[in-house]
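Structure assessment
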Amino acid sequence: LLIFSGYVACVFALGWQRLKPAPDWGIDKIALILGTALSVAVMEEIFFRGYFYGLCRGQLGRLRAVWINVLFFAAVHYIRPPQGNFSDGVNWSSGFRILNLALRSFAHPGELAGGFLVLMLVAWMLCWTVERTKNVYLAMGLHAGWIMILKFNFAWTQYAASLPLWMLGGGDLSQGTLTLVPLALEFAVLR
């Protein structure tokens with residue numbers, strides 16, 4: 001949490017992000033972010049590292065289980081349906097159109113490197129903590145901390161840089177190759 005807070009402070013100091021003109025500082029927004037971070041982290045870690053990783057590890061061994069978990073976790077989080085209003089209605093082809101839009105980022109190597117790679121490293125670190133501690137509690141805490149920082153950053157800041165999307169992720173701290181720096185520092189501290 002401290003390392004990513006420092007990363008956010010550096011991003012601000014370099015002028016790559018700034019506060020939104022009217023950020024929502026209300027207690028209800030803060031409670032929503034904290035509740036989301038905690039509930040999502042607990043549910044995802046129980047599934048991804050508790051059940052799915054454990055199942056793969058028992059059947060395929062540790063190394064294959066890690067790779068499958070890393071790729072599956074990254075794919076699930078990287079493939080996002082597009083935001084916005086689909087005013088043309090729902091019909092037989094709606095799912096195909098949304099799937100096409102969700103998979104479009106795989107065609108851009110820069111976005112793929114900046115997003116998928118970061119998510120793979122996150123999943124690998126979470127698998128590593130489960131292997132090291134023999135439980136999912138530390139992974140839950142790390143995951144909740146990352147979600148909390150991401151949600152607060154999204155709620156209160158806006159992107160102000162002209163850096164390429166692959167480099168800083170357009171202000172999304174879960175994207176961009178620069179995010180690998182605080183992740184590497186965090187892993188060094190974990191070790």
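Our subject in this report is the structure included herewith.

**Brief notes about the overall build of the chain**
- Counting its regular elements, the chain contains 8 helices and 2 strands.
- Listing the helices and strands of the chain from first to last along the sequence gives α-β-α-α-α-α-α-β-α-α.
- Here the C-alpha coordinates of the chain stretch approximately 50 × 45 × 35 Å along the principal axes.
- If you take every contact in the chain between residues at least 6 apart in sequence, the share linking residues at least 24 apart comes to 73%.
- Accessible area of the chain: about 11000 Å², with a carbon and sulfur share of 69%.
- The averaged location of the 9 negative side-chain charges in the chain is 8 Å from the averaged location of its 14 positive side-chain charges.

**Considering the packing of aromatic side chains**
- Counted by the stated rule, this structure contains 12 aromatic pairs.
- On the numbers, 5.7 Å between centres and 80° between planes, the contact of Tyr-78 with Phe-116 is edge-to-face. With a gap of 38 residues between them, Tyr-78 in helix α3 (residues 62-78) and Phe-116 in helix α5 (residues 109-133) connect regions that are remote in the sequence. Taken as a pair, Tyr-78 and Phe-116 share a single burial class, namely buried.
- Taken together, the ring pairs connect Phe-47, Phe-48, Tyr-51, Phe-52, Phe-72 and Phe-73 into an aromatic cluster.
- The ring of Phe-154 has Lys-20 lying over it, and the distance from NZ or CZ to the ring centre is 5.0 Å.

**Structural notes on a nonpolar patch on the surface**
- Together, Phe-47, Tyr-51, Leu-55, Phe-72 and Val-76 make up a nonpolar patch on the protein surface, roughly 460 Å² of accessible area in all.
- Elements with a minimum of two residues in the nonpolar patch: α2 (27-60) and α3.
- The element that contributes the greatest number of residues to the nonpolar patch is α2, accounting for 3 residues.
- Of note, Tyr-51 is situated in helix α2.

**Observations concerning the packing of α2 against α3**
- In contact at an axis separation of 8 Å, α2 and α3 are set at 145° when each is read in the N-to-C sense. Remark: the crossing between α2 and α3 carries right-handed chirality. Together, Glu-44, Phe-47, Phe-48, Arg-49, Phe-52, Tyr-53, Cys-56, Arg-57 and Leu-60 of α2 and Arg-62, Arg-64, Ala-65, Val-66, Ile-68, Asn-69, Phe-72, Phe-73, Val-76 and His-77 of α3 make up the contact between the two elements.
- Considered class by class, the residues forming the contact of α2 with α3 number 12 nonpolar, 2 polar and 5 charged.

**Looking at the nonpolar core**
- Core analysis: the largest hydrophobic core is formed by 35 residues, its most contacted members being Phe-4, Tyr-7, Tyr-53, Val-122, Leu-126, Trp-146 and Leu-183.
- Of all the secondary structure elements, the ones that give two or more residues to this core are α1 (2-13), α2, α3, α5, α6 (137-156) and α8 (180-190).
- Among the elements that line this core, the one with the most residues is α5, at 11 residues.
- Apart from the residues lying within four places of it in its own chain, the contact partners of Trp-146 are Phe-4, Val-122, Met-125, Leu-126, Leu-183 and Glu-186.
- Core analysis: the next-biggest nonpolar cluster, separate from the first, contains 9 residues, Ala-37, Met-148, Phe-152 and Trp-156 among them.

Rules of the game
Residues numbered from 1 in each chain as written. Predicted model: local features only at pLDDT ≥ 70, side-chain atom pairs only at ≥ 80, totals over all residues. Heavy atoms only, no water. Helix = DSSP H or I, 4+ residues; strand = E, 2+ residues; numbered from the N terminus. Contact = heavy atoms within 4.5 Å. Areas by Shrake-Rupley, 256 points an atom, 1.4 Å probe, with all protein chains shown as cover. Lys, Arg positive; Asp, Glu negative; His and termini not counted. Charge placed at Lys NZ, Arg CZ, Asp CG, Glu CD. Phe/Tyr/Trp six-rings, centres within 6.5 Å; stacked < 30°, edge-to-face > 60°. Buried < 20%, exposed > 50% of the residue type's maximum accessible area, 1.4 Å probe, protein only. Lys NZ or Arg CZ within 6 Å of the ring centre and 35° of its normal. Patch = residues over 30% accessible without salt bridge, like charges linked within 9 Å, V, L, I, M, F, W, Y side chains within 5 Å. Salt bridge = Lys/Arg side-chain N within 4 Å of Asp/Glu carboxyl O. Axes fitted to C-alpha atoms, helices over the stretch in contact; angles between N-to-C directions. Left-handed = near helix turned anticlockwise from the far one by under 90°. Nonpolar A, V, L, I, M, F, W, Y, C, P; charged D, E, K, R; others polar. Core = buried A, V, L, I, M, F, W, Y, C linked by side-chain atoms within 4.5 Å.

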